[in-house]
Structures are given as structure tokens and as C-alpha cells.
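Structure at a glance
So the chains spell out like this:
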Amino acid sequence: MNRFMDKVAFITGAASGVGRATARQMVEEGAHVFGVDIDQEGLQSVSDELGEQFHPENVDIRNRESCHEAIEKCVERFGKLDVVANVAGVVRSHHVTDVDEETWRLIMGVNLDGMFWVTQAAIPHLEKSAGNIVNVASNAGFMGQAYTVPYCAAKGAVINMTRALAMEYIKSDIRINAIAPGGMKTAMTENWSAPDDIDFELMKSYTGFRGMAEPETAANAICWMASDEAARCTGSILSVDGGLTAA
Ligand SMILES: NC(=O)c1ccc[n+]([C@@H]2O[C@H](COP(=O)([O-])OP(=O)(O)OC[C@H]3O[C@@H](n4cnc5c(N)ncnc54)[C@H](O)[C@@H]3O)[C@@H](O)[C@H]2O)c1
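1. A few points about the overall build of the protein chain
A count of helices and strands for the protein chain gives 7 helices and 7 strands. If you list the helices and strands of the protein chain from N to C, you get β-α-β-α-β-α-β-α-β-α-β-α-α-β. The principal-axis extents of the C-alpha atoms in the protein chain amount to approximately 55 × 35 × 30 Å. The 247 residues of the protein chain split such that 45% are buried. A separation of at least 24 residues holds for 72% of the contacts in the protein chain among residues at least 6 apart in sequence.

2. Focus: the site of the ligand
Taken together, 33 residues form the shell around the ligand, and within it Gly13, Ser16, Gly17, Gly89 and Thr186 come nearest. At the level of elements, helix H1 (17–28), strand E2 (32–37), helix H4 (101–129) and helix H6 (187–190) are the ones that each hand at least two residues to the shell around the ligand. The residue inventory of the shell around the ligand, partitioned by class, reads 16 nonpolar, 13 polar and 4 charged.

3. Describing the nonpolar core
Within the largest apolar cluster, 68 residues are counted, with the highest numbers of intra-cluster contacts made by Ala9, Ile71, Ala122, Ile179 and Ile222. In contact with Ile71, other than residues within four places in its own chain, are Phe10, Leu81, Val118, Ala121, Ala122 and His125.

4. Considering helix H2 (residues 40–50)
Spacing of three or four residues puts side chains on the same side of an α-helix, whose turn is 3.6 residues. Within the span of H2, buried status applies to Gly42, Leu43, Val46 and Leu50. Along the axis of H2, the buried positions cluster into a sector of 100 degrees, meaning they face one direction only. Facing away from the buried side of H2 by over 90 degrees, the exposed positions are Gln40, Glu41 and Asp48. Contacts from the buried residues of H2 go to H1, E2 and strand E3 (54–58). Positive backbone phi, approximately 75 degrees, marks Gly51, located one or two places after H2.

5. Digging into the packing of H4 against helix H5 (residues 149–168)
Where H4 meets H5, the closest approach of the two axes is 9 Å, and the angle between their N-to-C directions is 15 degrees. On the basis of the axis angle, H4 is roughly parallel to H5. As for how H4 packs across H5, the hand of that crossing is right-handed. Each of Thr103, Trp104, Ile107, Met108, Asn111, Leu112, Met115, Phe116 and Thr119 in H4 lies in contact with H5, whose residues at this interface are Pro150, Tyr151, Ala154, Lys155, Ala157, Val158, Met161 and Leu165. Residue composition of the contact of H4 with H5, grouped by class: 13 nonpolar, 3 polar and 1 charged.

6. Brief notes about the pairing of strand E4 (residues 83–86)
Residue alternation in E4 divides its side chains into two sets, Val83 and Ala85 and Val84 and Asn86, and both sets are buried. For strand E1 (residues 8–12) and E4, the ladder comprises 4 bridges, and the chain directions are parallel. Residue pairing for E4: Phe10 is matched across the bridge by Val84. Read from E4 through H4 to strand E5 (residues 132–136), the crossover connection turns out right-handed.

7. Things to note about helix H3 (residues 64–78)
Between its first and last C-alpha, H3 extends 22 Å over 15 residues, near the 21 Å set by a 1.5 Å rise per residue. By the burial criterion, the buried members of H3 are Cys67, Ala70, Ile71, Cys74 and Val75. Buried residues of H3, viewed axially, fall in a sector of 135 degrees; they line one side. Exposed residues on H3 whose side chains face more than 90 degrees from its buried face are Glu65, Glu76 and Arg77. Here the buried face of H3 lies against E1, E2, E3 and H4. Looking one or two residues past H3, Gly79 carries a phi angle of roughly 90 degrees, positive in sign.

Calculation criteria
Within each chain, residues carry numbers counting from 1 in the order of the written sequence. Residue-level local features of this predicted model are given only where pLDDT is at least 70; pairs of side-chain atoms are given and counted only at 80 or more, and the full residue set underlies all totals for whole chains, interfaces and linings. Helix and strand definitions follow DSSP, with helices as H or I runs of at least four residues and strands as E runs of at least two, each counted in order from the N terminus. Buried, partly exposed and exposed are defined by the number of other C-beta atoms within 10 Å of a residue's own C-beta, namely 20 or more, between the two limits, and 12 or fewer respectively, with C-beta atoms placed from the backbone. Here, residue contact means that the backbone-derived C-beta atoms of the two residues sit within 7 Å. Here is the check we use: build the C-beta atom from the backbone, and if it is within 6 Å of the molecule or strand, call the residue near. Classification convention: Asp, Glu, Lys, Arg as charged; Ala, Val, Leu, Ile, Met, Phe, Trp, Tyr, Cys, Pro as nonpolar; all other residues, Gly among them, as polar. Put simply, a nonpolar core is a cluster of buried Ala, Val, Leu, Ile, Met, Phe, Trp, Tyr and Cys residues tied together by C-beta atoms within 7 Å. What the arc measures is the spread of directions leading from the helix axis to the C-beta atoms. Between the N-to-C directions of two axes lies an angle of 0 to 180 degrees, each axis being a line fitted to C-alpha atoms and, for a helix, fitted only over the stretch in contact. Note that the term roughly parallel is reserved for angles under 35 degrees, roughly antiparallel for angles over 145, roughly perpendicular for angles of 65 to 115, and oblique for everything else. We call a crossing left-handed when the near helix sits turned anticlockwise from the far one by less than a right angle, and right-handed when that turn is clockwise. In this analysis, strands are considered paired if DSSP registers two or more bridges between them. By convention, a crossover is right-handed whenever its connection, traced from the first strand over the helix to the second and viewed with the strands pointing away, goes clockwise. What a helix should span is 1.5 Å times the count of its residues minus one.

And the structure:
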């Protein structure tokens with residue numbers, strides 16, 4: 001497939017997991033990808049793998065100015081912008097009473113603020129290209145999950161921010177959608193640690209029946225949503241969670 005031939009994509013969280021898998025697939029299908037992350041080593045390894053079609057940029061998306069600068073740099077480098085995939089995210093697991101301000105700010109900063117700043121900077125360019133944005137939410141944006149309250153709050157906000165953005169641009173050619181994956185085998189889950197004394201009974205409802213997925217399952221959904229095949233989708237939230245939220 002060549003769904004992204006001559007397209008320019010800006011991907012956050014491109015150094016690892018879903019972001020990396022999305023960059024790989026878009027490059028394979030012809031895109032030039034401007035990949036941002038704070039993990040410089042990871043970015044370098046993606047760059048080594050994908051070659052000249054991939055431009056790595058060290059950006060902390062929590063900072064508004066950095067997001068705006070990165071979008072401008074992407075357009076300078078590749079001449080335009082067609083697709084934004086807001087993939088970067090972080091999760092931490094705590095009892096609510098143990099969440100300190102730094103943790104709350106980290107979760108909101110990466111999962112929500114960064115997505116908003118990138119989106120804000122990208123929209124004028126996407127208006128010119130009739131481009132689109134795909135945000136990565138989570139099953140945690142639909143479900144009340146114990147021990148990850150800030151993450152659930154941020155992902156729930158991502159879902160409704162996506163809908164609100166879609167409505168603000170409903171009379172334009174821009175499309176703004178989200179995908180909501182369930183558990184995947186990435187650094188995020190490999191490094192996940194929970195407090196020692198959690199009640200595992202509370203966790204049952206969000207482990208599901210179909211196990212953990214590969215990050216490519218979410219990347220496939222992002223690529224479909226970002227392609228012309230999804231031309232009718234805007235304000236859509238596509239669950240890619242093995243039926244976790246169907247119950
Ligand atoms: N892995 C899962 O089980 C799962 C489930 C549902 C949703 N998600 C979502 O999928 C997305 C991708 O997660 P993943 O599983 O690939 O995790 P991952 O940890 O492999 O990748 C996340 C990337 O985001 C980057 N990042 C973190 N803080 C950043 C910052 N301030 N600025 C720029 N980049 C930053 C990290 O360095 C990392 O490369 C996230 O939004 C996550 O919430 C993941």
C-alpha cells in the first residue's frame with residue numbers, strides 16, 4: 001500500500017512502541033515523518049532503521065513553545081504538513097492519596113497538554129493541506145480504572161477534546177479523530193509498577209479476555225484513520241482494545 005506517498009506526518013512519541021510502529025508503517029507507505037520524543041537514543045535507533053524519510057527531533061511536548069517550534073521546523077524541512085499522530089503518553093500507578101503534584105503535572109503535561117499544543121500549532125498547516133489529526137486515547141479514557149486516576153482523567157479529556165476539535169473544524173476539510181487502544185506490549189507496560197497493596201479484584205474488569213496486543217495493532221488503526229480510507233471519519237473514537245470496552 002502507498003497511502004502516504006508524498007505525505008508529511010508529524011508523530012509524537014516516535015522513539016518507542018506505538019509511535020515507532022506508526023512511523024515505520026507510514027515511511028513504508030511513502031511518507032516523510034518528523035518524529036519527536038524526549039528519548040534521544042530511541043529516536044536515533046528509529047532514524048538508523050528508517051533512514052532519510054525520518055527526521056528525529058528531541059522535543060518535550062509539555063512545553064507549548066517547543067511544540068510550536070517543532071511544527072514550524074517540520075514544515076520548513078518537508079514543505080508542508082498532512083498528518084499529525086499525537087501518540088506520546090505516560091502512565092503512573094498510585095493510590096489517589098499518594099499522587100504528588102509532579103506526577104499529576106507529568107501525566108497531564110504529556111498526555112493532554114502536549115497533544116493540545118501540537119494540535120494548536122498544526123491546524124493552520126492542516127487547513128492548507130486538508131490534513132488530519134489522530135490522537136491516541138486509551139480504554140482508560142472510557143473506563144474508571146483504579147490506581148491510575150490521573151491517567152484516566154487525561155485520556156477521558158483526550159476523547160472529548162477530540163470531539164470538540166472536530167466540531168470546531170467541522171466546516172473545514174480537516175479531520176480530527178482518536179483511537180483508543182487497550183493493553184499492548186510496549187515500554188509503557190513493561191515498566192509499569194503498581195503499589196504493593198493494591199486490590200487485584202479491582203483490576204479484573206480491565207484485563208479483558210484477549211491478552212496484550214502488539215503496538216502494530218494500534219499503528220494500523222492510526223494509519224487507517226490518517227489515510228483517505230477514513231475520509232468520512234471526523235470526531236470518531238475507534239476502540240482497538242480486543243473488546244475490553246464492549247462489556
Ligand atoms: N501500552 C499500552 O498498553 C497502552 C494502552 C492504551 C493506550 N496507550 C497509549 O498509547 C500511546 C503510546 O504508548 P506506548 O505504549 O507506545 O508507550 P511507550 O512508552 O513505548 O512510548 C511512549 C513514548 O512517549 C515518549 N514521551 C514521554 N514523555 C514525552 C514528552 N514529554 N515529550 C515527548 N515524548 C514523550 C516516550 O519517550 C516514549 O518514546 C500513549 O499515548 C499511551 O497512553 C498505551
